[in-house]
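Residues per chain are reported as follows:
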Amino acid sequence: MLLKGKRILLGLCGGIAAYKSLSLIRLLKKEGAEVRCVCTPAALEFVTPLSVETLSGNRLYSDMFARENEFSTAHISYAEWADFLLVAPATANTLAKFAHGIADNALTTLFNAYGKKTLVVPAMNSGMYRHPATQENLDRLRAWGVAVMPPASGFLACGTQGEGRMPEPEEILRHFLKVFFETGFEESTLNGKHVLLTAGPTQEALDPVRYLSNPSTGLMGCCIADEFQKRGAKVHLVCGPMSAHPKSEPFETVQVASALQMYEACMELWTKADIGILSAAVADYTPESVSSQKIKKTDADLHLKLIRTHDILKELGQNKRPGQYLAGFALETENEMAHARAKLTAKNADLIVLNSLRDAGAGFGTPTNRVCLLGRNGDIVPQELQDKEEVAARIADYIETKLTK
């Protein structure tokens, strides 16, 4: 948790991008920060006090004169409380007020009382962003020591395309850490490491229109990809046809369909990887032959001959050089611990992430998972049922600890 013990004020302004700030609150809290929010009146046209307060766990400050405020001079007390002020989205109107000392609402008044580390994330129409007034206001804020995150480009709420789009919450968090914790990524053992990551299912063709597969969505692998990139790793993602997608980008991504294609991609990438994490649900068997035409239904039963696919985890383990770290997943339905321990040894892996379909909320197609981390040194680290993002963070924590040692 890179922000453990840090106190962050998140300012929300009145733009359509304010809905993204709800996810940003969640990300900040997942990194260990205590978050309090302050809104302009216009921001509450896009998000509700209940949603903000539920996610932050603290009362929203939006009305300077509300009798239920925690403090009689809330703008002063909040300013003294916080270690950081993060304003996302920051509209042209609020940026102009910041730059000219106008204090006419809870957020602008607080800004005037706040003299510590501040990051603003502009979000607005391209024309408004490029307007000389907005650019001069941003330059003035930079001269005062306020950090400014450049907006993203893409489709805007007004229907046009261009710069001015608010970056995704994961990108904002990464920029925040880079600006205020310059050594944050350097201190991470994962910084600069090349990670080979597999995710999603494979599809083993029977004929041009049918295949054998499984229900994996790839969500667990996507969460791992986001977590490792957040910590500064270079992620090489080999993925089957999955319905989930990482929130962060860019990755070096190799799209595959079959187990053979995944095997070939992994063997090539493993030569330059520092860490391998095989979370994909790879088919153990594939049809011996594939019909070039659609197999037609007849009155007779159809018998398929299946042959073994390559054991990717085992072959990477056999080709593991000193210093490489290899983790695999084991999804079991019975004798879970015994099977996972056997897999750890047989595949020459350093870590097996065990989960069981007998645990409610774990396995395919759920936003949560319950895992147990089994290390080659005898470690057994059980986890409670958690969101898959949290599971990814615990896996990253464990691997970081082992690489440090």
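What counts, and where the lines are drawn
- Residues numbered from 1 in each chain as written.
- Predicted model: local features only at pLDDT ≥ 70, side-chain atom pairs only at ≥ 80, totals over all residues.
- Heavy atoms only, no water.
- Helix = DSSP H or I, 4+ residues; strand = E, 2+ residues; numbered from the N terminus.
- Buried < 20%, exposed > 50% of the residue type's maximum accessible area, 1.4 Å probe, protein only.
- Contact = heavy atoms within 4.5 Å.
- Areas by Shrake-Rupley, 256 points an atom, 1.4 Å probe, with all protein chains shown as cover.
- Lys, Arg positive; Asp, Glu negative; His and termini not counted.
- Charge placed at Lys NZ, Arg CZ, Asp CG, Glu CD.
- Pairing = 2+ DSSP bridges.
- Right-handed = clockwise from strand over helix to strand, strands pointing away.
- Expected span 1.5 Å × (residues − 1).

Participant: Looking at this structure, I do not really get the overall build of the chain. What am I missing?
Facilitator: Along the backbone of the chain there are 14 helices and 21 strands. Its C-alpha atoms give the chain principal-axis dimensions of about 80 × 50 × 40 Å. Looking at the chain as a whole, 51% of its 405 residues qualify as buried. Counting only contacts in the chain whose residues sit at least 6 apart along the sequence, the fraction spanning at least 24 positions is 68%. Carbon and sulfur atoms provide 51% of the accessible area of the chain, an area that totals close to 19,200 Å². Seen as two clouds, the 44 positive and the 46 negative side-chain charges of the chain have centres 1 Å apart.

Participant: Please clarify how the pairing of strand S17 (residues 351–356) should be interpreted in this entry.
Facilitator: Within a regular beta strand, the side chains point alternately toward one face of the sheet and then the other, so they alternate between its two faces. Summarising burial for S17: six of the six residues are buried, a large majority. Burial along S17 is two-sided: the residues Leu-351, Val-353 and Asn-355 and Ile-352, Leu-354 and Ser-356 are all buried. Strand direction decides the pairing type here: strand S16 (residues 325–332) and S17, joined by six bridges, are parallel. Across the sheet, the residue bridging to Gly-328 is Ile-352, located in S17. Tracing the backbone out of S16, into helix H13 (residues 336–346) and back to the parallel element S17 gives a crossover that is right-handed. In the sheet, S17 pairs with strand S19 (residues 371–375) via five bridges, with the strands oriented antiparallel. If you follow Val-353 over to S19, its bridge partner there is Leu-373.

Participant: Before we go on, may I ask you to explain the environment of Ala-265 in this structure?
Facilitator: Among the secondary structure elements, Ala-265 is positioned in helix H11 (residues 259–270). Its relative accessible area of 11% is what places Ala-265 among the buried residues. For the pair Ala-265 and Asp-387, spaced 122 residues apart in the sequence, the C-alpha separation amounts to 29 Å. Here Ala-265 is in contact with Val-238 and Val-254, once residues within four sequence places are set aside.

Participant: How should helix H1 (residues 18–30) be read in this particular structure?
Facilitator: For the α-helix, the turn length of 3.6 residues means that residues three or four positions removed from each other point alike. With 13 residues, H1 extends 19 Å between its outermost C-alpha atoms, agreeing within 8% with the 18 Å of an ideal straight helix rising 1.5 Å per residue. Taken residue by residue, H1 has Ala-18, Lys-20, Ser-21, Leu-24, Ile-25, Leu-27, Leu-28 and Lys-30 as its buried positions.

Participant: What is the right way to look at the sheet that holds strand S5 (residues 147–148) in this model?
Facilitator: Within a beta sheet, neighbouring strands are joined by backbone hydrogen bonds and run either parallel or antiparallel to one another. Spatial strand order, S2-S1-S3-S4-S5: five strands in an open sheet with parallel pairing. Looking along the sheet, the strands with just one partner apiece sit at the ends: strand S2 (34–39) and S5. Note: strand S1 (residues 7–12) against strand S3 (residues 84–90), four bridges, orientation parallel. In the strand pairing of S3, Leu-10 is matched with Leu-86.

Distances and angles like these do not, on their own, reveal function.
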